[in-house]
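Listed here are the chains, written in short residue letters.
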Amino acid sequence: MEKYMEAGATVVQSVRLDDEKDVLIILDQTLLPNEKKFLEIHKIEDLWEAIHSLRVRGAPAIGIAAGYGAYLGIKDCDAATYEELYEAFKKVKTYLGSSRPTAVNLFWALDRMEARLKREEGKAIEQIKTSLREEAEKIRIEDEKVCEAIGNYALSLLEPGWGILTHCNAGTIATAKYGTALAPIYLGHAKGYDFKVYADETRPLLQGARLTAWELKEAGVDVTLICDNMASIVMKEGRIQAVLVGCDRVAANGDVANKIGTSGVAIMAKHYQIPFYVCAPLSTIDMNCSDGEKIHIELRSDEEITSKWYEKPMAPAGVKAYNPCFDVTDHGLITAIITEKGIAYPPYHESLSTMFNK
Ligand code: MRU
């Protein structure tokens, strides 16, 4: 457990490499808020399962885990040449890349690891492995700085005492530290901003209830849990002055894939004239994806809706279910996209490109 920030928040680091054992340690987010259990990940098969089943989740945390996974996958391989090592890496990359399709950070991190591997060509095999370990560490360390910068930019748009609605969990445990959408809340909390945060429970896997409400409450932030279908009433009652969400992939035109239900929140925010902000590290912005239509939306199992979190099934046996895990919010509903390089406003195809050139 690590203490951070003046506000007295005590949080856990959700993904890290154990230096001595040289294994990946992840917080099993499926057990929260009831149990804080860490898993030692030795094999990439276990990491694949951990990503697929959302033990490690949230776009930046998935990227960090994939970076370490790329190292774990080759560190014990007995390649005698660079070519053999590269072959082994490619298999690991393809395999880990099949764990979840929507969060682009997974692919971004694996591409970054591959780029580092290519830069190491010509060096001794052991040296190359050490370099990959170093690159994975860099991805995690940089993410802390990125989230802090996003937090500061986002905080500049908010005022003390505001009510803020958030959906899913884009917090500390979804990143290396601070979170993306929750970063301004933590930074503001440390400065006495006294935000009133409303956390959508986020059906069906309850990331808002289990994770966001948990980590904000641990930090001493004023958080109120609501069911997803209560967002409209809290907006209508004037309790919400801004919506802040994270994202899994931003297309070049500013369309944003995030947890299922996000687009509905954005539509309601527009109706009630409440600013809708998306917090997005550059690692989540996919300039190769022209628009939201091209984003692959993950479909998950029916039982997540019908029975997973219940003592007894809450739907008739055998009923058909449809479980898209993300949806795409149209760029026209988004007030601004907040990155670590600054705040992007419409038209997004121009403002997002500018962020990459800063
Ligand atoms: O399915 P999940 O829990 O991985 O979905 C996560 C989200 O939708 C988050 O909002 C997003 O990854 C941003 S995390 C900083």
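Computed from a predicted structure; not experimentally measured. (Residues numbered from 1 in each chain as written. Predicted model: local features only at pLDDT ≥ 70, side-chain atom pairs only at ≥ 80, totals over all residues. Heavy atoms only, no water.)

1. Some words on helix α6 (residues 183-190)
When you tally the buried positions in α6, you get six out of eight residues, the bulk of the element. Among the residues trailing α6, glycine 192 stands out with phi positive, at a value near 80°. (Buried < 20%, exposed > 50% of the residue type's maximum accessible area, 1.4 Å probe, protein only. Helix = DSSP H or I, 4+ residues; strand = E, 2+ residues; numbered from the N terminus.)

2. Quick look at the site of the ligand
Near the ligand, the surroundings consist of 19 residues, among which Arg57, Ala59, Arg100, Asn258 and Lys259 are the closest. In this structure, an oxygen atom belonging to the ligand sits 3.2 Å away from a main-chain N or O atom of glycine 58. At a separation of 2.9 Å, an oxygen atom of the ligand approaches a polar side-chain atom of aspartate 248. Summarising the interface, the protein chains cover 100% of the accessible area of the ligand, which totals 420 Å² for the free molecule. Elements with a contribution of two residues or more to the shell around the ligand: α2 (59-75) and β11 (256-259). Classifying every residue of the shell around the ligand by side-chain character gives nine nonpolar, six polar and four charged. Counting residues domain by domain, the shell around the ligand receives three or more from each of domain 1 (2-147) and domain 2 (157-355). (Near = heavy atom within 4 Å. Polar contact = N/O pair within 3.5 Å; in protein donor to acceptor, adjacent residues only side chain to side chain. Areas by Shrake-Rupley, 256 points an atom, 1.4 Å probe, with all protein chains shown as cover. Nonpolar A, V, L, I, M, F, W, Y, C, P; charged D, E, K, R; others polar. Domains from an automatic or database assignment.)

3. Observations concerning the pattern of salt bridges
Tallied over the full model, the rule gives 29 salt bridges. Notably, a salt bridge pairs arginine 133 with aspartate 22, separated by 3.0 Å at the nearest N-O pair. Here arginine 133, found in helix α5 (residues 125-155), pairs with aspartate 22, found in the loop between β3 (15-18) and β4 (23-27); they are 111 residues apart in sequence, far enough to count as distant. Measuring nitrogen to oxygen at the nearest pair gives 3.0 Å for the salt bridge that ties glutamate 120 to arginine 116. Look at arginine 116 and you get buried, because its relative accessible area is 8%. Look at the salt bridges and you will find they share partners, linking Arg112, Arg116, Arg119, Glu120, Lys123, Glu134, Glu135 and Glu142 into a network. (Salt bridge = Lys/Arg side-chain N within 4 Å of Asp/Glu carboxyl O.)

4. Structural notes on the nonpolar core
Val15, Leu24, Ile26, Val56, Leu85, Met113 and Leu117 are the most contacted members of the largest nonpolar core, which has 42 residues in total. Where this core is concerned, the elements lending two or more residues are β3, β4, β5 (38-41), α1 (44-52), α2, α3 (82-97), α4 (104-119) and α5. For this core, the element with the highest residue contribution is α2, accounting for eleven residues. Setting aside its immediate chain neighbours within four residues, valine 15 contacts Leu24, Ile25, Ile26, Val56, Ala61, Ile64, Ala65, Tyr68 and Arg140. (Core = buried A, V, L, I, M, F, W, Y, C linked by side-chain atoms within 4.5 Å. Contact = heavy atoms within 4.5 Å.)

5. Observations regarding the domain arrangement of the chain
Domains assigned within the chain are domain 1 (2-147) and domain 2 (157-355). Placing the centre of domain 1 and that of domain 2 at their C-alpha centroids yields a distance of 24 Å. Residue-level contacts link 40 residues of domain 1 with 42 residues of domain 2. Between domain 1 and domain 2, the buried area comes to about 3,300 Å², and carbon and sulfur atoms account for 60% of it. Interface area lost by domain 1 to domain 2 is led by Arg57, Thr102 and Cys147, which between them contribute 18%. Put simply, domain 1 and domain 2 have one salt bridge between them. (Buried area = accessible area lost by both parts, 1.4 Å probe.)

6. Looking at the pairing of β11
As paired strands, strand β10 (residues 249-251) and β11 are joined by two bridges and run antiparallel to one another. Residue valine 250 lies in a different strand from β11, and its bridge partner there is valine 256. The turn joining β10 and β11, which pair antiparallel and follow one another in sequence, is formed by four residues; a positive phi near 95° is taken by glycine 254. (Pairing = 2+ DSSP bridges.)

7. Some remarks on the sheet that holds β4
Across the sheet, three strands lie side by side as β3-β4-β5; this open sheet has antiparallel pairing. What marks the edges here is a single partner per strand, and that holds for β3 and β5. The sheet shows a mean angle of 30° between the axes of neighbouring strands, direction not considered. By the bridge criterion, four bridges tie β4 to β5 in an arrangement that is antiparallel. Across the sheet, residue leucine 27 finds its bridge partner in β5, namely phenylalanine 38. The sheet contacts of α2 involve β3, β4 and β5, and relative to β3 the element is tilted by about 25°. (Axes fitted to C-alpha atoms, helices over the stretch in contact; angles between N-to-C directions.)

8. A few points about the packing of α2 against α4
As a packed pair, α2 and α4 sit with axes 7 Å apart at the nearest point and diverge in direction by 35°. The element α2 and its partner α4 pack so that their crossing is right-handed. Counting all contacts with α2, which are made through Ala59, Pro60, Ile62, Gly63, Ala66, Gly67, Ala70 and Tyr71, the residues of α4 involved are Asn105, Leu106, Ala109, Leu110 and Met113. Residue composition of the contact of α2 with α4, grouped by class: ten nonpolar, three polar and no charged. (Left-handed = near helix turned anticlockwise from the far one by under 90°.)

9. Regarding α4
Over its 16 residues, α4 extends 23 Å from the first C-alpha to the last, a length consistent with the 22 Å expected when each residue adds 1.5 Å. Among all positions of α4, only Val104, Asn105, Leu106, Ala109, Leu110, Arg112, Met113, Glu114, Arg116 and Leu117 are buried. (Expected span 1.5 Å × (residues − 1).)

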